[in-house]
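Survey of secondary and tertiary structure
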Amino acid sequence: MPIIKSSKKSVKTDKAQTVANNVYTRTVKNAIKNTEKAIASNDVEAAQSNYKKTVQAIDKACSKGLIKKNTCARQKSRLNSKVKEMANK
């Protein structure tokens, strides 16, 4: 346990920030899963709408620094190619 007052405060703020960060990361993971499920079920409209929501969630997590820039780009690119491939079939 910290003894210094500022260290005690930073422990509290770290906990709060960790909870907030977990919300963003869970949102991204769930959005990706929902898009993958829509792609697997060959539902074009659902896949495209889920893809838009997923991109927003990924960009928000990226801007917050929770996911690296290249990881965000890779995830968006892979999902986009899957959605386009499914739509063309």
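Residues numbered from 1 in each chain as written. Predicted model: local features only at pLDDT ≥ 70, side-chain atom pairs only at ≥ 80, totals over all residues. Heavy atoms only, no water.

Looking at the packing of helix H2 (residues 44-63) against helix H3 (residues 69-88)
Rules: Note on method: axes are straight lines fitted to C-alpha atoms, helices fitted across the in-contact stretch only, with angles between N-to-C directions ranging 0 to 180 degrees. Secondary structure elements are defined from DSSP: runs of H or I of at least 4 residues count as helices, runs of E of at least 2 residues count as strands, and each element is numbered from the N terminus. By the definition adopted for this analysis, an angle is roughly parallel if under 35 degrees, roughly antiparallel if over 145, roughly perpendicular if from 65 to 115, and oblique otherwise. Residue contacts are counted whenever heavy atoms from the two residues lie within 4.5 Å of one another. Classification used: nonpolar for Ala, Val, Leu, Ile, Met, Phe, Trp, Tyr, Cys and Pro, charged for Asp, Glu, Lys and Arg, polar for all others including Gly.
The interhelical angle for the contact between H2 and H3, taken along N-to-C directions, is 175°, at an axis separation of 10 Å. For the element pair H2 / H3, the angle class is roughly antiparallel. Counted together, Val44, Ala47, Gln48, Tyr51, Thr54, Val55, Ile58, Asp59 and Cys62 of H2 and Lys69, Cys72, Gln75, Lys76, Leu79, Asn80, Val83, Met86 and Ala87 of H3 form the full contact between these two elements. A class-by-class count of the residues in the contact of H2 with H3 yields 11 nonpolar, 4 polar and 3 charged.

Description of H3
To be explicit about the condition: Any helix carries an expected span of 1.5 Å times its number of residues minus one. The rule is simple: take the accessible area with a 1.4 Å probe, protein chains only, and divide by the maximum for that residue type; under 20% is buried, over 50% is exposed, in between is partly exposed. As used here, the arc belongs to the directions running from the helix axis to the C-beta atoms.
End to end, H3 covers 29 Å across 20 residues, agreeing with the expected 28 Å (1.5 Å per residue, within 8%). Along H3, the positions that sit buried rather than exposed are Cys72, Leu79, Val83 and Met86. Down the axis of H3, the sector holding all buried residues measures 75°, keeping them to one side. Away from its buried face by more than 90 degrees, H3 exposes Lys69, Asn70, Arg78, Lys84 and Asn88.

Concerning the environment of Ser7
Within the secondary structure, Ser7 is located in helix H1 (residues 5-40). Judged by its relative accessible area of 25%, Ser7 falls in the partly exposed class.

Regarding the environment of Val55
Following the sequence through the fold, Val55 ends up in helix H2. Note: C-alpha distance between Val55 and Glu36 (19 residues apart in sequence) is 13 Å.

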